[in-house]
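Remarks on the overall topology
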Amino acid sequence: MDQHRPAERIIALNQHATEALLTLGLGPKLIGTAYLDEAVKPELQHAYEGIPVLSREYPSAEQVLLSGADLLVAGFASAYRDMGIGPRQRWQQRGMQTYLFESVCAPEAVGVDSVFTDMRQLGRLTGTEDVAEAWIASQRQRLAEIATPPARAPRMLVWLREYELPYVAGCCGIGNLLIEAAGGVNVGAGIGRAWGHLSWEAVLAARPEIILMVDSNWSPQLKKRQFLHQSPYLRSLYDSGHLHLDTLSFSETVGGVRMIDGIDKAHRAVMAWQS
């Protein structure tokens, strides 16, 4: 495609890519979306209605090829692997521009600025630079308003998926970012990557005071609550001190427009625990 001509036919390959494009007002230019992990953000639901869902997971290469898209936007690197639609170079050679979110390109250095970079880049590719800058300004103001630190930093755990051996936020990445931005201490920080497994014995030894359970289509928070209530772990956690359970949506734990919602929600959980 012409690098100077804004994209007109866009496919979003992950939910947070879809929501970023909708936030920029690009619903009319979205010819397809894929791989939804949960309900679309309520404020974007109206704009989302009518956009074709190409696939429950990633669309086939044939679907993409026949779509006539001029821009492909992915939130996860898996979109451009064999399990997805294939390498970016393949599509670029066919005249399609591709974009991969910044949080994937530099996962250990991810921060809110990564989201702002994505919105600026998507604005440039789609001719919505002014909308992107207005959104960034509003989110910076929002972050300034939720920056009040707690009187004491609580020990926190972000629980993404799996039950007998929970998969939780590690030392780096967005789960850890949410905890630190909310004023907490990550009990999973000893895991040397963004997400990893932590035994319940290790969780009990760390004595988390706040557990944020991630809700998604494939690992609902209700199932996490049921698991805790049917196991001995919850009583042990309550016995170890003041425990607060709360919920994050999956889209609040990835590098999209809901990341700041996640920071806000984690901060409110800290304030509720403190009161």
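Below you will find a few notes about this structure. Each residue is numbered by its place in its chain's sequence as written, counting from 1. The model is predicted, so local features are restricted to residues of pLDDT at least 70 and side-chain atom pairs to those at 80 or more, both for listing and for counting; the totals for chains, interfaces and linings are taken over all residues. Note that the side-chain values use all heavy atoms of the structure and ignore hydrogens as well as water.

Points on a 1 Å grid, built from protein atoms alone, make a cavity when a 1.4 Å probe fits but cannot get out and make a pocket when they are open with protein on both sides within 12 Å along at least 5 of 7 lines; residues with an atom within 4 Å of a point are the lining residues. Grid points are joined across faces, edges and corners, and a volume is the space filled by probe spheres set on the points. Taken as a whole, the largest pocket encloses approximately 750 Å³ of empty space. Lining the largest pocket are 27 residues; nearest its centre among them are Phe76, Val104, Trp195, Phe250 and Val254. Looking at the lining of the largest pocket, the elements with two or more residues in it are α5 (102–105) and β6 (155–161). Residues are grouped as follows: Ala, Val, Leu, Ile, Met, Phe, Trp, Tyr, Cys and Pro are nonpolar; Asp, Glu, Lys and Arg are charged; every other residue, Gly included, is polar. Its residues assigned to classes, the lining of the largest pocket shows 16 nonpolar, 7 polar and 4 charged. Per the convention used, a helix needs a DSSP run of H or I reaching at least four residues, while a strand needs a run of E reaching at least two, with both numbered from the N terminus.

Salt bridge criterion: a side-chain nitrogen from Lys or Arg within 4 Å of a carboxyl oxygen from Asp or Glu. Applying the stated criterion across every chain yields a total of 12 salt bridges. For Glu8, the salt bridge is made with Lys29, and the minimal N-O distance between the two is 3.4 Å. Pair noted here: Glu8 is in the segment before β1 (10–12) and Lys29 is in the loop between α1 (15–23) and β2 (30–34), with a separation of 21 residues, a long-range link. A relative accessible area of 43% means that Glu8 is categorised as partly exposed. With a closest N to O distance of 2.6 Å, Arg120 and Glu133 form a salt bridge. In this pair, Arg120 sits in helix α6 (residues 112–126) while Glu133 sits in helix α7 (residues 129–145), placing the two residues 13 residues apart along the sequence. Classification of residues uses two cut-offs on accessible area relative to the type maximum, computed with a 1.4 Å probe and protein chains only: under 20% is buried, over 50% is exposed, and between them is partly exposed. The class for Arg120 is partly exposed, based on a relative accessible area of 37%.

By definition, two strands form a pair when at least two bridges between them are found by DSSP. Taken in spatial order, the 5 strands make up an open sheet running β3-β2-β1-β4-β5, and their pairing is parallel. Pairing within the sheet leaves two strands with one partner each, and these edge strands are β3 (53–55) and β5 (97–100). Across this sheet, the average inter-strand angle for adjacent strands is 20°, counted without regard to direction. Note: strand β4 (residues 71–74) against β5, 4 bridges, orientation parallel. Across the sheet, residue Leu71 finds its bridge partner in β5, namely Gln97. Across the sheet, α1 is in contact with β1, β2 and β4; its angle to β2 comes to roughly 150°. What makes two residues a contact is simply this: any of their non-hydrogen atoms within 4.5 Å. To get an axis, a line is fitted to the C-alpha atoms, and for a helix only the part in contact is used. The angle between two axes follows their N-to-C directions and goes from 0 to 180 degrees. Along the sheet, α6 makes contact with β1, β4 and β5, crossing β5 at roughly 170°.

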